[in-house]
Amino acid sequence: MNSNSGIKNLSLKSILHNDSFVLWNISVVSPNKSIENAFVAISNGKIINIGSLQDYNKSANYADWPKIELENYILAPGFINAHTHVAMSAFQNLCYYSDLNWQRVFKKESKINSNNIEALSNPSIYSAVRSGVVGFVDHYYFSSSVGKAFDKWGVKALIGESIADQGGAFPNNQSFERAKEQLNWTAKNCSSNIQNILCPHASDTVSKQLFKKILDLSKSENLGLHYHLAQSKKEYDYAKKEYGKTPTEYLNNLGLITDQTLAVHCLFLEETDFKILKSQGAMVGVCPLSQMSFEKLVDLKTIMNLNIPWSLGTDAVGFNDHMDIIEEMRICSIMSKELNLEKDFHLQALSAATKNLAKYFNLKQKWNFSGTLEEGDSADCIFIKKDMRIAPITDLKKTLVYSVNSSHIQHVMVNGDWVLFDQKPVKVSEEEMEKDYQLACKVIL
Ligand SMILES: [Zn+2]
């Protein structure tokens, strides 16, 4: 059916979480589908049906729901940013290349506390949501307060306290105690959008004794792990000197490399290390811009050859002043020729920003999120405005990866609720965020 009959004037802006409506004549793209002239029936925050207008069933129960004509939009799944430290918003321009000075970073971090961290998190969350991110995997100090910030925005996040006892801004056992406290705190104080993950910082900043406690906790609480692995030559050299092993071998011997491990960066890996990740079923977190400005790009060719699961992240302001996940998809897709990767690598990049992490951490069960816009998914999606800058559209997936940028993302919906409308936050006040952030910056600068 191609007629527009039955369209009622429900405005997009007026949509509420518990409404039932049909997005009409919209283009739909996800890693698994490209549909021009599609309909998407949504009710109580969930996708009920999705398909081509040609297949629209006039006798379906949603046939009487209000239809919203959206010929000028592309609907895509919201992205998941697989590695962030959103509270580092104020670390702009601090860590690039020759300017990198960890003591300056730690000095700033030592002034961060549970009172100012929420304010410090907001600019990075804003920047990420503007690029279509609906879910985060975040790793930082005072993570309960970071979780509060995510929850106020209405986005989804796996959060974890950075645990370290021999490096970083707070090198002591308190981070493990805070991590344990956070587990209950999240369950009591946050919506189901916010869930826990355990975050030891890295192989050179956590003692063997503490790693063992973290592993026990992850087993007893059935929690995934999210940490930096072999992110610097320094970390690699430290493990070789201290343990006679690579960081990957060392952590594998401790039992920390599992099929619920998101190991981020993985820049200094031997061939045997990649095989360990593959055999243990670990996922690699790839942050192209951060890695290239900090050290070098991870060996994507080996990851692809061994078919190791991977996901895309931005890392933090400081290592990558943008929190723009579309930019990361585009950069690694453009580099694919240089890296001698497969021809249609943009499809891999799109999956790495959407469905790979959803599948790996079973986000379908946690959040009803598959990253592919399936029936039964929660309505976690982005509305991309078509304009002449991305016209003519001949291939929706290529358009999404190569042509769209965050300025095209007009609205973002999570659980059928707006979190961004007309590029402005809906659930949080921009003015208040700005004021609180400026105050917090004064404390830590
Ligand atoms: Zn990081």
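Residues numbered from 1 in each chain as written. Predicted model: local features only at pLDDT ≥ 70, side-chain atom pairs only at ≥ 80, totals over all residues.

Undergrad: In this structure, what is going on with the overall build of the protein? I would like to understand it.
TA: If you tally the helices and strands in the protein, you get 16 helices and 18 strands. A compact globule built from 445 residues should have a C-alpha radius of gyration of about 22 Å, and the protein, at 22 Å, falls within 12% of that. Here the C-alpha coordinates of the protein stretch approximately 70 × 45 × 40 Å along the principal axes. The buried share of the protein, reckoned over its 445 residues, is 53%. Looking at the protein alone, contacts between residues at least 24 apart form 71% of all its contacts between residues at least 6 apart. (Helix = DSSP H or I, 4+ residues; strand = E, 2+ residues; numbered from the N terminus. Rg over C-alpha atoms; globule rule 2.2 N^0.38 Å. Buried ≥ 20, exposed ≤ 12 C-beta atoms within 10 Å, placed from the backbone. Contact = placed C-beta atoms within 7 Å.)

Undergrad: Help me understand the domain arrangement of the protein, please; the structure alone is not making it clear to me.
TA: Interfaces are often sized by the accessible area lost when the parts come together. For the protein, the domain assignment lists domain 1 (12-77 + 377-425) and domain 2 (79-365). One C-alpha centre belongs to domain 1, the other to domain 2; they are set 30 Å apart. Across the contact, 21 residues belong to domain 1 and 22 residues belong to domain 2. Looking at the side of domain 1 that touches domain 2, the elements with two or more residues in it are α15 (396-403), β16 (409-414) and β17 (417-421). Residue composition of the side of domain 1 that touches domain 2, grouped by class: 13 nonpolar, four polar and four charged. (Domains from an automatic or database assignment. Nonpolar A, V, L, I, M, F, W, Y, C, P; charged D, E, K, R; others polar.)

Undergrad: Could you clarify how one ought to interpret the packing of helix α2 (residues 117-130) against helix α16 (residues 430-444) in this entry?
TA: Two measures define how a pair of helices packs: the angle their axes make with one another and the distance between the axes. It is the contact of α2 with α16, at a shortest axis distance of 8 Å, that shows an interaxial angle of 120 degrees. Classed by the angle they form, the pair α2 and α16 counts as oblique. Regarding α2 and α16, the two cross each other, and that crossing is left-handed. Contacts from Ala119, Leu120, Asn122 and Pro123 in α2 reach Met433, Asp436, Tyr437, Leu439 and Ala440 in α16. (Axes fitted to C-alpha atoms, helices over the stretch in contact; angles between N-to-C directions. Parallel < 35°, antiparallel > 145°, perpendicular 65-115°, else oblique. Left-handed = near helix turned anticlockwise from the far one by under 90°.)

Undergrad: Looking at this model, I keep getting lost on the packing of helix α12 (residues 345-352) against α15. Mind explaining?
TA: Put simply, α12 and α15 touch, their axes get as near as 10 Å, and they point 75 degrees apart. As far as their axial angle goes, α15 and α12 are roughly perpendicular. Residues His346, Leu347, Ala349 and Leu350 of α12 pack against Lys397, Lys398, Leu400, Val401 and Tyr402 of α15. Looking at the contact of α12 with α15 residue by residue, the class counts come to six nonpolar, one polar and two charged.

Undergrad: Mind showing me how you'd approach the pairing of strand β3 (residues 46-52) here?
TA: For a regular strand, the rule is simple: side chains alternate between the two faces of the sheet. When strand β2 (residues 33-43) meets β3, the two strands line up antiparallel, connected through six bridges. Bridged to Val40 within β3 is Ile50. Between β2 and β3, which pair antiparallel and follow one another directly, the connecting turn spans two residues, one of which, Asn44, has a positive phi of 45 degrees. (Pairing = 2+ DSSP bridges.)

Undergrad: Looking at this model, I keep getting lost on the nonpolar core. Mind explaining?
TA: In a soluble, globular protein the nonpolar side chains are often hidden away together inside. In terms of nonpolar packing, the biggest core is built from 136 residues, with Leu23, Val40, Leu75, Val129 and Val155 touching the most fellow members. In terms of domain composition, this core takes at least three residues from each of domain 1 (12-77 + 377-425) and domain 2 (79-365). Leave out the neighbours within four places in its chain, and Leu75 touches Leu23, Ile26, Val28, Val40, Cys381 and Phe383. (Core = buried A, V, L, I, M, F, W, Y, C linked by C-beta atoms within 7 Å.)

Undergrad: Explain the environment of Thr314 here, please?
TA: Tracing the sequence through the fold places Thr314 in the loop between β14 (310-312) and α11 (325-334). Assessed through the 30 C-beta atoms surrounding it within 10 Å, Thr314 is described here as buried. Sequence separation between Thr314 and Ala82 is 232 residues; the distance between their C-alpha atoms is 7.6 Å. With residues up to four places along the chain from it excluded, the contact list for Thr314 reads Asn81, Thr84, Cys287, Ser290, Asn320, His322, Met323, Asp324, Ile325 and Glu328.

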